[in-house]
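Residue strings, one per chain:
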Amino acid sequence: MVLIKNELIKILNKFQRPYIYLFAIYCSSHIWILFFGNALYWDDWSLFNINQNAVLETFHMNGSLLFGYLHLSLLKIGPYIYRILTFILMFSSGLFANNIFKRNLNIDEKSIFILTILFLNLPFFGIRVTIISFPYVICYFLFFAAWFLFPKRTFLSTFLFILSFNINSLLCFYILPYLEKYYIKNKSNINFKSFLKFIRTNIFISFIPLFFYTIKLIFFKPYSIYEGYNQNFNLNNLFQSPFIQIIDFFKLKSPSLLLLFFVTTILLYLFSKLNIFSKINYEKSICYKLLRLGILSTFFAGFPYWILGLTPIFNSWDNRHQLLFPLGFSLIFLSFLLMLDFRLRKVFISFLLSTILLINISNYYNFHKDWIKQTTLIDQISKNKIIQNSDVIIFKDNNLEDNLYNLSYRYIDWNGIISTALNTNSKIGLNFEDYPDGLIDIFKLINANCGYLFNMHNFDMKKSIKASLVEINVIEDKEYTIIAKLISKYKPSNIELKTTEIDPNQIKKLMKQSSNINQYFCKGN
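A. Region of the structure containing the overall build of the chain. Counting its regular elements, the chain contains 21 helices and four strands. Taking 24 Å as the expected radius of gyration for a compact globule of 525 residues, we find that the chain reaches 26 Å, a close match to that expectation. For the chain, long-range pairs separated by at least 24 residues make up 80% of all intrachain contacts whose partners lie at least 6 apart in sequence. Carbon and sulfur atoms make up 62% of the accessible area of the chain, which totals about 26500 Å². For the chain, the distance from the average site of its 51 positive side-chain charges to the average site of its 31 negative ones is 13 Å.

B. Layout of the environment of Y26. Here Y26 shows up in helix α1 (residues 2–30). Sequence-wise, Y26 and P222 are 196 residues apart; in three dimensions their C-alpha atoms are separated by 37 Å. Sequence-distant contacts of Y26, defined by excluding residues within four places in its chain, comprise I31, T86, F87, M90, F91, L120 and N121.

C. Just the side chain of Q322, in detail. Locating Q322 in the fold gives a position in the loop between α14 (284–306) and α15 (325–338). The exposure class of Q322 is buried, given its relative accessible area of 0%. Here P312 takes part through its backbone oxygen, which lies 3.0 Å from a polar atom of the side chain of Q322. If we ignore the near neighbours within four places in the chain, the residues touching Q322 are P123, F124, F125, P312, I313 and F314.

D. Local environment of the nonpolar core. Counting 154 residues, the largest nonpolar core has F144 and F173 as its most contacted members. Sequence-distant contacts of F173, defined by excluding residues within four places in its chain, comprise F143, F144, S297, F300, A301, L324 and L327.

E. Summary view of the pairing of strand β2 (residues 428–431). Side-chain alternation along β2 places I428 and L430 on one buried face and G429 and N431 on a second face that is also buried. Where the polypeptide runs from strand β1 (residues 392–397) across helix α18 (residues 411–422) and back to β2, its parallel neighbour, the crossover connection is right-handed.

F. Structural detail: a nonpolar patch on the surface. The grouping of W32, L34, F35, I77, Y80, I84, I88 and I361 at the surface amounts to a nonpolar patch, some 740 Å² of accessible area in total. The element that contributes the greatest number of residues to the nonpolar patch is helix α4 (residues 79–104), accounting for three residues. By secondary structure assignment, the location of I88 is in helix α4.

G. Spotlight on the pairing of strand β3 (residues 467–474). Where burial is concerned, most of β3 is hidden: six out of the eight residues are buried. Here β1 pairs with β3 via six bridges, running parallel. Of the residues in β3, the one forming a bridge with K396 is E471.

H. Region of interest: the confidence of the model for the chain. Of the residues in the chain, 91% have a pLDDT of 70 or more, and the chain-wide mean is 85. The secondary structure element of the chain with the lowest average pLDDT is helix α20 (residues 482–488), at 54, and the one with the highest is helix α6 (residues 134–149), at 95.

I. Layout of unusual backbone geometry. Between Y435 and the following residue, P436, the backbone shows a cis peptide bond with an omega angle of 10°. Along the chain, the position of P436 falls in the loop between β2 and α19 (437–447). In the Ramachandran plot, W42 falls in the positive-phi region, its phi being about 50° despite a non-glycine side chain. As for its placement among the helices and strands, W42 is situated in the loop between α1 and α2 (52–61). A relative accessible area of 10% places W42 in the buried class.

J. Representation of the side chain of D108 in the model. Among the secondary structure elements, D108 is positioned in the loop between α4 and α5 (109–121). Buried charged residue D108 carries no salt bridge. Nearest counter-charge: R345, at 6.2 Å. In terms of polar contacts, D108 uses its side chain to reach the backbone amide nitrogen of K110, at 3.1 Å.

K. Quick peek at the environment of G94. Its location among the elements puts G94 in helix α4. Taking the relative accessible area as the measure of exposure, G94 reaches 0% and is therefore buried. Sequence separation between G94 and L327 is 233 residues; the distance between their C-alpha atoms is 9.7 Å. When near neighbours in sequence (up to four residues on either side) are disregarded, G94 contacts T116, F119 and L120.

L. Geometry of the packing of aromatic side chains. Tallied over the entire structure, the rule returns 55 aromatic pairs. With a centroid separation of 5.1 Å and an interplanar angle of 80°, the aromatic rings of F150 and F161 are classed as edge-to-face. Highlighted residues: F150 in the loop between α6 and α7 (154–164) and F161 in helix α7, separated in sequence by eleven residues. On the accessibility criterion, F150 (0% relative accessible area) is buried. Note on F395 and W414: the rings are 3.7 Å apart at their centroids and 5° apart in plane angle, and the pair reads as stacked. With a gap of 19 residues between them, F395 in strand β1 and W414 in helix α18 connect regions that are remote in the sequence. For W414, a relative accessible area of 0% translates into the label buried. Geometry around F150 places K181 over its ring, the cationic atom sitting 4.6 Å from the centre. Directly above the aromatic system of F432 lies the positively charged group of K396, at a separation of 5.1 Å from the ring centroid.

M. Focus on the sheet that holds β2. Strand order in the open sheet made by the four strands is β2-β1-β3-β4, with mixed pairing throughout. Strands with a single pairing partner mark the edges of an open sheet, and in this sheet they are β2 and β4 (495–502). Across the sheet, the mean angle separating the axes of adjacent strands is 25° when strand polarity is ignored. In the packing of helix α16 (residues 342–382) onto the sheet, contacts are made with β1, β3 and β4, and the angle to β4 comes to roughly 50°. With respect to the sheet, α18 is in contact with β1, β2 and β3, its orientation differing from that of β2 by roughly 135°.

N. Broad picture of the environment of F219. Topologically, F219 is positioned in helix α11 (residues 203–219). Exposure remark for F219: the relative accessible area of 59% places this residue in the exposed category. When the C-alpha positions of F219 and G63 are compared, they lie 8.4 Å apart, and in sequence the two are 156 residues distant.

Calculation notes
- Residues numbered from 1 in each chain as written.
- Predicted model: local features only at pLDDT ≥ 70, side-chain atom pairs only at ≥ 80, totals over all residues.
- Heavy atoms only, no water.
- Helix = DSSP H or I, 4+ residues; strand = E, 2+ residues; numbered from the N terminus.
- Rg over C-alpha atoms; globule rule 2.2 N^0.38 Å.
- Contact = heavy atoms within 4.5 Å.
- Areas by Shrake-Rupley, 256 points an atom, 1.4 Å probe, with all protein chains shown as cover.
- Lys, Arg positive; Asp, Glu negative; His and termini not counted.
- Charge placed at Lys NZ, Arg CZ, Asp CG, Glu CD.
- Buried < 20%, exposed > 50% of the residue type's maximum accessible area, 1.4 Å probe, protein only.
- Polar contact = N/O pair within 3.5 Å; in protein donor to acceptor, adjacent residues only side chain to side chain.
- Core = buried A, V, L, I, M, F, W, Y, C linked by side-chain atoms within 4.5 Å.
- Right-handed = clockwise from strand over helix to strand, strands pointing away.
- Patch = residues over 30% accessible without salt bridge, like charges linked within 9 Å, V, L, I, M, F, W, Y side chains within 5 Å.
- Salt bridge = Lys/Arg side-chain N within 4 Å of Asp/Glu carboxyl O.
- Pairing = 2+ DSSP bridges.
- pLDDT = per-residue confidence, 0-100.
- Phe/Tyr/Trp six-rings, centres within 6.5 Å; stacked < 30°, edge-to-face > 60°.
- Lys NZ or Arg CZ within 6 Å of the ring centre and 35° of its normal.
- Axes fitted to C-alpha atoms, helices over the stretch in contact; angles between N-to-C directions.

Written out as C-alpha cells, the structure is:
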C-alpha cells in the first residue's frame with residue numbers, strides 16, 4: 001500500500017508540475033493586478049458614484065444590457081473583486097487553451113508548455129486592469145471554456161458560446177472551434193463536399209453566430225448617444241488598420257536593456273535546471289503548419305476590429321481590441337522558435353519571455369503612476385476654494401508623463417474625480433484641449449437629460465455660471481544627483497494646481513449655442 005501511495009504521489013507531482021510552473025510565470029507577469037484595489041481609470045468613472053438606473057441605461061443604449069446587470073452585481077462588492085476575478089479567469093482561459101493545444105497540435109508537451117506560457121503572458125490587452133473591461137474578460141473565459149467542451153459537450157458548449165458572443169468579435173473567432181469540430185469528425189475525409197455535409201447535419205452550431213447577430217440587430221441595436229456604435233463597416237479599413245498595428249507592434253520595447261539582460265540570464269538558468277525545453281528538432285513542415293494556424297488565428301482576431309477602422313494598438317485604450325491576439329501570436333512565435341537549433345532556442349525563449357515580463361510589469365507600474373496622480377488630484381481639488389465655487393472647471397494638464405499612455409483625461413474622468421473630491425454631481429470638468437467644442441457637446445448631453453450618466457445630473461443650466469481654469473504643473477525636484485535623476489524617471493511627479501477664474505460670459509455663449517440642439521434622448525435621473 002505504501003508503494004502504491006508513493007507511486008501515486010509521484011504521478012500527481014509529475015502531472016501538477018507544469019501547471020505550477022505556468023502559474024508561477026503567469027504570476028510574475030500579472031499578479032500585480034491584485035494590488036490595485038479600488039483604483040479607477042478611463043470609463044471606470046462612468047460606473048462609480050452613479051445611479052443604478054444610469055448604469056443600466058448606458059448599457060441598454062449600447063446594446064449590452066446584460067453587462068449592466070453584471071456590473072451592478074460586482075460593484076456591490078467593490079472594484080477589487082474585478083481584479084481578483086480577472087486574474088483567475090484569464091489564467092483559467094490559458095488552462096483551457098493548453099488542453100485545446102494538446103488535442104490539436106502534433107508537438108511534444110514541453111513545446112505546448114512554452115506555447116501556453118506565451119498565450120498567457122504576451123503583453124496584449126493591458127486594459128484588463130480597468131473594471132469597465134471586465135465583460136471582455138468573462139466572455140473570453142466563457143469562449144475558451146466552450147471551445148474546450150465543444151467536441152464532446154455540444155449543448156453546454158453552444159450555450160457558453162452564445163453567452164460569450166456578447167463581445168461581438170467572438171462571433172468571428174468562432175470559426176476556429178467550428179473548424180476544429182469539423183476536422184475531428186472528418187480527419188480522413190477533408191474536402192469541400194464533406195464540409196458542406198457537415199454544415200447541413202449541424203445547422204444550429206453552423207449558424208449560431210448569424211442567429212445571434214440578427215437578434216442583436218433587431219432587439220438590441222445601439223441608440224441615443226451610442227447610435228451607430230460599431231456599425232461603420234468599410235472594406236478599405238482592412239488594408240489600413242493591420243498595417244498601423246504591425247508598425248505599433250515593432251515600437252514595443254523593454255524598459256531597460258540592463259534589466260532585460262539580467263532577467264534573461266536568470267530565466268535561462270532556471271529553465272535549464274527545470275528541464276522544460278524540448279530537445280526535438282522539428283521538420284519544417286510542422287513549423288509551417290503552426291505558422292499558418294497562427295496567421296489564420298491572428299486574422300480572425302483582428303478582422304472584426306480592422307473592418308470597423310479600429311486599430312488594436314498598445315499605448316492606447318484601444319488595446320482592449322487586442323483581446324483575441326494571444327492565440328495567433330503565440331503560435332507564430334512558437335513556429336519560429338521551433339525552427340531554431342535546440343541550444344539557440346533556449347536563449348531566444350528566455351530572451352522573449354524576459355521582454356514580455358518586463359513589458360507587462362512596466363504596464364502595471366504605469367497604471368500605478370496614473371492612480372497616484374488621480375488620488376493626488378482628488379486631495380488637492382477637495383481643498384481648493386476656487387474649484388469648490390466653480391460650476392465649469394477647465395483643466396490644462398502639463399504633466400501628461402504620469403498619465404496612462406500619456407493621454408489627457410476626458411470629461412468622464414474629470415467629472416468622476418471632481419465628484420469624488422467634492423461629493424457633488426453639479427459640476428463639469430473637461431480638458432483644455434476639448435474646449436470649447438467639447439463643452440458644447442457636454443451641454444447637449446445635459447439638455448437631453450443625459451447628464452446623470454456621467455456624474456453631472458445636478459448641473460443647473462439656468463443659474464449664473466462660475467468658471468475656472470486649473471493648470472496642473474510639476475514641482476521640480478531640487479535634487480540634482482545622478483541617482484535622483486534616475487529615480488525621477490520612474491517615480492510619480494509632485495504636482496500643484498494653479499487656479500484662476502475665467503470670464504463666465506464665454507460659457508454662457510456656449511450654453512446658448514447648445515440650447516436648441518437636442519440630438520440625444522435619455523430618460524433622466
